[in-house]
Amino acid sequence: MKQTTNRPQPEDVKKLGELIKDIKFAMLTTSDEDGTLRSRPMTTQQVEFDGDLWFFTGEHSGLVQEAQQHQQVNVAYANPDDHRYVSVSGDAELVQDRAKIKELWNPVYKAWFPQGLDDPNLALLKIHVEKAEYWESPGGAVVALVGFAKALVTGKQADIGKNEKLNLTT
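Residues numbered from 1 in each chain as written. Predicted model: local features only at pLDDT ≥ 70, side-chain atom pairs only at ≥ 80, totals over all residues. Heavy atoms only, no water.

S.K.: I keep staring at the pairing of strand β1 (residues 25–31) and nothing clicks. Help me out?
M.R.: Put simply, side chains in a regular strand alternate between the two faces of the sheet. In terms of burial, β1 is a largely internal element, 5 of the 7 residues being buried. With 7 bridges joining them, β1 and strand β2 (residues 37–43) adopt antiparallel strand pairing. Across the sheet, residue Leu28 finds its bridge partner in β2, namely Arg40. Connecting β1 to the antiparallel partner β2 that follows it, the hairpin turn spans 5 residues, and Gly35 within it adopts a positive phi of roughly 95°. Bridge count between β1 and strand β4 (residues 72–79): 4 bridges; the pairing is antiparallel. Directly across from Thr29, in β4, lies its bridge partner Asn74. (Buried < 20%, exposed > 50% of the residue type's maximum accessible area, 1.4 Å probe, protein only. Helix = DSSP H or I, 4+ residues; strand = E, 2+ residues; numbered from the N terminus. Pairing = 2+ DSSP bridges.)

Structural data, given as structure tokens:
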């Protein structure tokens, strides 16, 4: 059996960083106390991806309560214009490091946190990415449509791009 550590795999970290770097919004899924899955839109902080994702959140939010009960979360990214879709799973951690908050802060976040950096409820949710899966069709919509049409004519499964699983830990 393969031993799991928390050491990121450089090639998978690099690939995942490239896949999500231009996708600003993601759906973050947590598990409620009764096991119900809940997703909400979040803005990924635009920093160089090193194996962790960062999101601003309210310390006392339902999101944080759920993530503290069930640390395993999913983050789904979609860029339909580029036919790129990414599903990321990992463990969530509440971070209240004021220096990190200041480093990632953007004044536009005052819409959600009116007191800005002085908001005592302001915190970060850090996702330690363990695994990811992606789907991409580099040729765009026309190539995808041709692939679908060819599959319908030949009776074979459509070749609409690349699908791969990434493991960020060994």
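S.K.: Looking at this structure, I do not really get the nonpolar core. What am I missing?
M.R.: Note on soluble globular proteins: their nonpolar side chains tend to be buried together. By size, the foremost hydrophobic cluster in this structure holds 26 residues, and its most contacted members are Leu16, Leu53, Val75, Tyr77, Val88 and Ile127. Counting only elements with at least two residues in this core, the list comes to α1 (10–20), β1, β3 (52–58), α2 (62–69), β4, β5 (84–95) and β6 (122–136). If you tally residues by element for this core, the top one is β6, at 5 residues. Beyond its immediate chain neighbours, meaning those up to four positions away, Val88 contacts Leu16, Leu53, Val73, Asn74, Val75, Tyr77, Val129, Lys131 and Ala132. Counting 10 residues, the second-largest nonpolar core is a separate cluster that includes Trp54, Ile101, Leu122 and Leu124. (Core = buried A, V, L, I, M, F, W, Y, C linked by side-chain atoms within 4.5 Å. Contact = heavy atoms within 4.5 Å.)

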